[in-house]
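# Structural overview for review
Each chain, letter by letter, is given below.
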There are 2 protein chains.
Amino acid sequence: MRTAVTNMLGIELPIFAFSHCRDVVAEVSRAGGMGVLGASGFPPEWLEEELAWIDAHVDGKPYGVDLLIPNTYEKRAVGDVDLNSLIPAEFKGFLDRECTEGNIPPLPESEAHALRAAQLAKVRMTPEQAAELLEVALSHPIALVVNALGTPPRETVSRIQQQGIRVASLVGKAEHALAQVEAGVDFVVAQGSEAGGHTGSISSMVLWPQVIDAVAPMPVLAAGGIARGSQMAAALAMGAAGVWTGSVWLGTAQSELSPVLKQRLFAARADDAVQSRAMTGKPCRMLRSEFSDMWLRPGAPKPLPMPLQTIATVEMRMRIERGGVENYMSYPVGQVVGDMTHETSVRQVVMDMLDEFVDAAHSLSALMED
Amino acid sequence: MRTAVTNMLGIELPIFAFSHCRDVVAEVSRAGGMGVLGASGFPPEWLEEELAWIDAHVDGKPYGVDLLIPNTYEKRAVGDVDLNSLIPAEFKGFLDRECTEGNIPPLPESEAHALRAAQLAKVRMTPEQAAELLEVALSHPIALVVNALGTPPRETVSRIQQQGIRVASLVGKAEHALAQVEAGVDFVVAQGSEAGGHTGSISSMVLWPQVIDAVAPMPVLAAGGIARGSQMAAALAMGAAGVWTGSVWLGTAQSELSPVLKQRLFAARADDAVQSRAMTGKPCRMLRSEFSDMWLRPGAPKPLPMPLQTIATVEMRMRIERGGVENYMSYPVGQVVGDMTHETSVRQVVMDMLDEFVDAAHSLSALMED
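These notes cover the structure that comes with them. (Residues numbered from 1 in each chain as written. Chains lettered and ligands numbered in written order. Predicted model: local features only at pLDDT ≥ 70, side-chain atom pairs only at ≥ 80, totals over all residues. Heavy atoms only, no water.)

### Brief notes about the side chain of Ser330(A)
Residues and elements named next belong to chain A. Just so we agree on the cut-off: Under the DSSP-based scheme used, a helix requires at least four consecutive residues in state H or I and a strand at least two consecutive residues in state E, with every element numbered from the N terminus. Only protein chains enter the accessibility calculation, which uses a 1.4 Å probe; a residue is then buried when its area is under 20% of its type maximum, exposed when over 50%, and partly exposed in between. Polar contact criterion, stated in full: a pair of N or O atoms within 3.5 Å, where within protein one must be able to donate a hydrogen and the other to accept it, and residues adjacent in sequence count only if both atoms are side-chain atoms. Two residues form a contact once any of their heavy atoms are found within 4.5 Å.
Checked against the element boundaries, serine 330 lands in the loop between helix H14 (308-323) and helix H15 (346-369). Here serine 330 falls in the buried class, since its relative accessible area comes to 16%. Among the polar contacts listed, one links the side chain of serine 330 to the backbone oxygen of leucine 287, at a separation of 2.7 Å. Not counting residues within four places of it along the chain, the set of residues in contact with serine 330 comprises Leu261, Met279, Met286, Leu287 and Ser289.

### Structural notes on the sheet that holds strand E7 (residues 197-198) of chain A
All names here are of chain A. Short version of the rule: A pair of strands counts as paired when DSSP detects no fewer than two bridges linking them.
Reading across the sheet, the three strands line up as E7-E11-E10 and stay open at both edges, with antiparallel pairing between neighbours. Since the sheet does not close on itself, it has two edges, and those belong to E7 and strand E10 (273-276), each with one partner. Where E7 and strand E11 (residues 284-287) come together, two bridges link them in antiparallel fashion. The residue bridging histidine 198 from the neighbouring strand is cysteine 284, located in E11.

### Structural notes on the side chain of Thr199(A)
Residue and element names in this part refer to chain A. As for its placement among the helices and strands, threonine 199 is situated in the loop between E7 and helix H10 (204-215). A polar contact of 2.7 Å, which involves the side chain of threonine 199, links it to the side chain of glutamine 275. Leave out the neighbours within four places in its chain, and threonine 199 touches Gln191, Gly192, Ser193, Gln275 and Pro283.

### Notes on the pattern of salt bridges
Pairing of side chains with opposite charge becomes possible as their charged atoms draw close. This is how it is decided: One side-chain nitrogen of Lys or Arg within 4 Å of one carboxyl oxygen of Asp or Glu is enough to make a salt bridge.
Under the defined criterion, the tally for this structure stands at 28 salt bridges over all chains. A salt bridge links Asp186(A) to Arg166(A); the shortest N-O distance between them is 3.1 Å. Remark: Arg166(A) occurs in strand E5 (residues 166-171) and Asp186(A) occurs in the loop between helix H9 (174-183) and strand E6 (187-191); sequence separation between them is 20 residues. The exposure class of Arg166(A) is partly exposed, given its relative accessible area of 30%. For Glu343(B), the salt bridge goes to Lys262(B), with nearest N and O atoms at 2.9 Å. You can see Glu343(B) sitting in the loop between helix H14 (308-323) and helix H15 (346-369) and its partner Lys262(B) sitting in helix H12 (residues 259-267), a full 81 residues away along the chain.

### Thoughts on the relation of the copies chain A and chain B
Short version of the rule: Least-squares fitting of one copy onto the other uses the C-alpha atoms of those residues that reach a pLDDT of at least 70 in both copies.
Mapping chain A onto chain B is achieved by rotating through 180° and translating by 0.0 Å along the same axis, at an RMSD of 0.0 Å. Such a turn and shift between the copies fits a two-fold axis. Residues of chain A ranked by C-alpha distance from the rotation axis are headed by Ala234(A), positioned 2.0 Å from it. The overlap is high: 98% of the interface residues of chain A also sit at the interface in chain B, so the same surface is used on both sides.

### Some remarks on the packing of aromatic side chains
Threshold: By convention, a stacked pair of Phe, Tyr or Trp rings (six-membered ring in the case of Trp) has centres within 6.5 Å and planes under 30 degrees apart, an edge-to-face pair has planes over 60 apart, and any other such pair is tilted.
On inspection of all chains with the given rule, the structure shows ten aromatic pairs over all chains. Among the aromatic residues, those joined into a ring-pair cluster are Phe91(A), Phe94(A) and Trp295(A).

### A short note on the packing of helix H5 (residues 89-101) of chain A against H14(A)
Residues and elements named next belong to chain A. This is how the line gets drawn: Fitted lines through C-alpha atoms give the axes, limited to the stretch in contact for helices. The angle between two N-to-C directions lies from 0 to 180 degrees. Note on angle classes: values under 35 degrees are labelled roughly parallel, values over 145 roughly antiparallel, values of 65 to 115 roughly perpendicular, and the remainder oblique. In a left-handed crossing the near helix is turned counterclockwise from the far helix by less than a right angle, and in a right-handed crossing that turn is clockwise. Residue polarity follows a fixed list, in which Ala, Val, Leu, Ile, Met, Phe, Trp, Tyr, Cys and Pro are nonpolar, Asp, Glu, Lys and Arg are charged, and the others, Gly among them, are polar.
With their axes 11 Å apart at the nearest point, H5 and H14 run at an angle of 15° to one another. When the interaxial angle is binned, H5 and H14 end up roughly parallel. In this structure, H5 meets H14 at a crossing whose hand is right-handed. Here Phe91, Leu95, Glu98 and Cys99 of H5 lie close against H14, whose contacting residues are Gln309, Ala312, Thr313, Met316 and Arg319. Residues that form the contact of H5 with H14 fall into these classes: five nonpolar, two polar and two charged.

### What about the nonpolar core?
Our working definition: In this description, a nonpolar core means a group of buried Ala, Val, Leu, Ile, Met, Phe, Trp, Tyr and Cys residues linked to one another through side-chain atoms lying within 4.5 Å.
If you look at the biggest cluster of nonpolar residues, it comprises 181 residues, and the most contacted ones within it are Phe16(A), Leu47(A), Phe187(A), Phe16(B), Leu47(B) and Phe187(B). In contact with Leu47(B), not counting residues within four places along its chain, are Leu37(B), Ala39(B), Phe42(B), Leu67(B), Leu133(B), Val136(B) and Ala137(B). One finds Phe94(A), Met286(A), Leu287(A) and Met340(A) within the second-largest nonpolar core, a separate group that totals 35 residues.

### A few points about the pairing of strand E3 (residues 64-67) of chain B
Residues and elements named next belong to chain B. Across the two faces of E3 the burial is the same, with Gly64 and Asp66 and Val65 and Leu67 all buried. Taken together, the four bridges between E3 and strand E4 (residues 144-147) define a ladder with parallel strand orientation. Across the sheet, leucine 67 pairs through a bridge with asparagine 147, a residue of E4.

### A closer look at the state of the cysteines
Worth spelling out the cut-off: For this text, the term disulfide refers to a pair of cysteine sulfurs within 2.5 Å.
By the definition in use, this model includes zero disulfides over all chains. No disulfide involves Cys99(A); its sulfur sits 19 Å from the nearest other cysteine sulfur, which is in Cys284(A). In this structure Cys99(A) comes out as buried when scored by relative accessible area, which is 5%. Free cysteine: Cys21(B), not disulfide-bonded; nearest cysteine sulfur from Cys284(B) at 19 Å. Relative accessible area serves as the criterion here: at 8%, Cys21(B) is assigned to the buried category.

### Focus: the packing of helix H9 (residues 174-183) of chain B against helix H10 (residues 204-215) of chain B
Residue and element names in this part refer to chain B. Between H9 and H10, whose axes approach to 9 Å, the crossing angle comes to 35°. Of the two elements, H9 crosses H10, and the hand of that crossing is right-handed. Within the contact between the two elements, H9 uses Ala174, Ala177, Leu178 and Val181 and H10 uses Leu207, Gln210, Val211, Ala214 and Val215. The class makeup of the residues in the contact of H9 with H10 is eight nonpolar, one polar and no charged.

### Section: the interface of chain A and chain B
At the junction of the two partners, chain A supplies 44 residues and chain B supplies 43 residues. A salt bridge links Lys173(B) to Asp271(A), with the shortest nitrogen-to-oxygen separation between them at 2.8 Å. Put simply, chain A and chain B have 17 residue pairs in polar contact (both at pLDDT 80 or more) between them. Elements supplying a minimum of two residues to the side of chain A that touches chain B: H10, helix H11 (229-237) and H15 of chain A. Across the side of chain A that touches chain B, the residue classes tally to 20 nonpolar, 14 polar and ten charged.

### Quick look at H15(B)
Turn by turn, an α-helix covers 3.6 residues, leaving residues three or four places apart pointing in a common direction. Applicable threshold: Helix span, expected: 1.5 Å multiplied by one less than the number of residues in the helix.
For H15(B), built from 24 residues, the straight-helix expectation of 34 Å at 1.5 Å per residue is met to within 8% by its first-to-last C-alpha distance of 35 Å. Among the residues making up H15(B), those that are buried are Val346(B), Val349(B), Val350(B), Met353(B), Phe357(B), Ala360(B), Ala361(B), Leu364(B), Ser365(B) and Leu367(B). Along its buried surface, H15(B) packs onto H11 and H15 of chain A together with strand E1 (15-19), helix H2 (22-30), helix H11 (229-237) and strand E9 (242-245) of chain B.

### Quick look at the sheet that holds strand E5 (residues 166-171) of chain B
All names here are of chain B. The strand order around the closed barrel built from eight strands is E1-E2-E3-E4-E5-E6-E8-E9, with neighbouring strands paired in parallel fashion. Each strand axis lies, on average, 25° off the axis of its neighbour in the sheet, ignoring direction. For strand E8 (residues 220-223) and E9, the ladder comprises three bridges, and the chain directions are parallel. When the bridges of E9 are listed, leucine 221 appears paired with glycine 242. In the packing of H2 onto the sheet, contacts are made with E1 and strand E2 (34-38), and the angle to E2 comes to roughly 160°. In this fold H11 packs onto E1, E8 and E9, with an angle of close to 135° to the strand it touches most, E9.

See below:
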């Protein structure tokens, strides 16, 4: 199957898999698609290790990395202030009460300091640190850099492209897609509101054709609500050059999720993937749990703006995870979680997707003949 | 083009058009699709007049009616209490302040009483009144009754079907679709969250395949986010037997909207179609305006549950409409509003939709040959 992006990247299938898990990345690329490692916030030495592993396991197939392309104009200020001092005392009181009432155990004294520091380092990444991460990525034979947030500086985009690497960006609005064209990216990923993680409010069915029209002839990947072949057929029928998937890989044997969290995903329905500001202060679609519900309780404060919400809640989230407090566990996931009911494998997902895609495309053709 | 629903209803095109405007209904049916008059809340004599007009203008083609199929178990209680007394005084104060600050003129004294009574009659419709409306519809040569809300009683469904009329229901969740199968409907309309009017939270891309799988082999119409041929191709590729459209007809010369409101729709972007409880107390997607924004202001009360919110706000909404207060005007509309930029005609919409559908289906076929 050949589209503008399979030609551009030399891949066989227009299926892109976003994952924080190197196994998923390597396996999707080996299956003919393109694995993309979600690496923003990784410490540089960790990214180095993951990419070295992928290089050794990807059989020379192309793969990509998704990270924050540093933008010095927007990010410079973040490292300079004591952000912790900007979190209101009553907000801290709300979190403390919730932890007590939810029986969420404290962090072990011995590890607490190091854990906090590591998490905060992610949030407070400076442009220099983001640049360092990008350099690590560029020192590997990657085929694609995807910019996770905002519009990357034009010079950085060209510098990456001069190394023979393609650059893409995620967008949730047609206007944002036009800004990416200006910045010189090779293609955009139009992500509808049903997707997991940070999303806008426009659904895939409405967003994809808008973005496709806005940036034509630049290729567009369709994202948000894609986990199976009929959805892939819909995206390609609408003119997308490929599909970008994320949530579906969380349910595979290879995924990074703990068994407990995986079971919670398998039990969830589509409307359990709720858009909430609980995690980062920006609307992020995630598994509904007490952690998302607590902000809806009477008297709860409004989540703080980014990055304060992440800073304020990071310790609580570590306590939930390490304490194994199931009813508070959450994870970014899209509405397709409702179709994920049991553990599968990366290869099975790819095969099922292709089978159903072919069936869907044929049945649409058959309609035209009646 | 033949699908399960075109065969069932004897129509040429699997395009269903929901409209409150008889001209749109008749013209879509004459073009080979199926116009469906949204009639819930019409006074019986008005419905009689509209249907007689359609009968005279539809050239014998099939058309449908969308209304509340009376369910005596759920609705009996509504007429019996003084609902107005359940609206808190501070809530009324909020509306009064907003009207004053928004320069929304009062209703003319002479008409105020009659206007209020007419609007409240809609909201407080008894099962007997709903039954009367259904009887008016059944006395015309309609081909289809669509149930606007909830699950209709099985006996009423069979009685309608015994007259050779098909019955369908709108659903926003797979579980609800299964209840409709139990009630004996002929098909369901799966409506994603991007649609205008009352919607759930699950987007079309995720909802459609879930409902299609849940009720198979019963046919499913795809609704929510469909205004053009590429979206129709996506729906049919995913296995829908047809498409259900609404918002797109609001921008036609034939639509019921005032020129001012139509211009506001043409200026709106996809994310100006917001889900709000402002109109009815239930989440309803509508054009963003001061009327939806006012509930988000600091100190604003939460909208009341249905039907109190409608009762509480009906006078304000009449004042906005009759006073021509543009910045407060709203109307139920879906996210496809972002693609509606100028007035068109019903026939043009149908032709454009078909043209683009054929192109989209062919380009998907071509992909399979590479």
